[in-house]
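Analysis of the macromolecular model
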Amino acid sequence: MHNTTILGVNHQFMYPASITDPKVHTETLRIIAANPDVEALDCWMWRDGSADEETRILLDSGKVINYNVGDRFGEKGATPASADPKEQAHAYSLLMREIGYALKVNAKKIVFASGPDFPEDHEGAMERLFNFIMKIGSQLPKDVTLALEPTDWDIDKFFLCGRMEETTALIHKLRNAGLENIGMLLDMGHIPIMHETLESAVAKAEDTLVHIHLGNALIKNPASPFYGDKHIPWGYPKAEYT
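This write-up is about the structure you can find in this document. All of these numbers come straight from a predicted model, not from anything done at the bench. (Residues numbered from 1 in each chain as written. Predicted model: local features only at pLDDT ≥ 70, side-chain atom pairs only at ≥ 80, totals over all residues. Heavy atoms only, no water.)

1. Comments concerning the environment of Phe159
In this fold, Phe159 is placed in the loop between β5 (145-148) and α6 (164-176). On a C-alpha basis, the gap between Phe159 and Ile65 in space is 26 Å, while along the polypeptide they are 94 residues apart. (Helix = DSSP H or I, 4+ residues; strand = E, 2+ residues; numbered from the N terminus.)

2. Regarding a nonpolar patch on the surface
A surface patch of nonpolar side chains, amounting to about 360 Å² of accessible area, comprises Ile212, Leu214 and Trp234. Following the sequence through the fold, Leu214 ends up in the segment after β7 (209-213). (Patch = residues over 30% accessible without salt bridge, like charges linked within 9 Å, V, L, I, M, F, W, Y side chains within 5 Å. Areas by Shrake-Rupley, 256 points an atom, 1.4 Å probe, with all protein chains shown as cover. Salt bridge = Lys/Arg side-chain N within 4 Å of Asp/Glu carboxyl O.)

3. Notes on the sheet that holds strand β1 (residues 8-10)
Spatial ordering of the open sheet is given by β1-β2-β3-β4-β5-β6-β7, a layout of 7 strands whose pairing is parallel. Each end of this open sheet is capped by a strand with a single partner; those strands are β1 and β7. The sheet shows a mean angle of 25° between the axes of neighbouring strands, taken without regard to direction. When strand β3 (residues 64-68) meets strand β4 (residues 109-112), the two strands line up parallel, connected through 3 bridges. Across the sheet, Asn66 pairs through a bridge with Lys109, a residue of β4. Against the sheet, α6 touches β5 and β6 (182-187), its axis set at about 160° to β6. (Pairing = 2+ DSSP bridges. Axes fitted to C-alpha atoms, helices over the stretch in contact; angles between N-to-C directions. Contact = heavy atoms within 4.5 Å.)

4. Describing the nonpolar core
Formed by 55 residues in total, the largest nonpolar core has its most connected members in Ile133 and Leu170. Element by element, the count of residues in this core is highest for helix α5 (residues 122-137), at 7 residues. Ile133 has contacts with Phe112, Leu146, Leu170, Leu174, Leu179 and Ile182, leaving out every residue within four places of it along the chain. (Core = buried A, V, L, I, M, F, W, Y, C linked by side-chain atoms within 4.5 Å. Buried < 20%, exposed > 50% of the residue type's maximum accessible area, 1.4 Å probe, protein only.)

Given below as structure tokens:
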């Protein structure tokens, strides 16, 4: 099992203050990167002035680096499936910047998400996302895997990719078009808010599953501030995994 499965930690969820504070981000990244019990890190790098120091921290760590692309504090979010060329260009610029950081630290897996749904033009948005991913993926080394992470479409994030069958079909379509180095990330905390079970989600992912996040979710109390995709701990009262 150890030859195919490596357990790691997600930096930003161990140290939530790192999401909004660049100094905390760098210092806590240094702490977790020095932990001998951690084999792999799911993480990202703070932009601009902090990136060089964080690059050195990660390269010196000897860890397996899985780079998490996503919206960043203080920046406009990415909408890669938008029909607006300016929005598409903004998303492309953000993702290519983050991919550049990932390649600097020798990450062999890059996690990303679809961005928001466009319910009035869902099919068109899926096609635009397909083209966007093909454009991004065509520029990656063949030994770097893209991992598309679905989450909910009707509870909290309202993302384009959240329906398991549709996400699996998109990945198969991308592979058939020549982008072989793409797969799916399943997050335990996302599965309940996607109206799936662990068993059904894994089955529907078929041969696309390349990465797993362990997590939890609360969907029984919509009035709770932790309702939806809030990355709550295991054992949280009335959560899906207790």
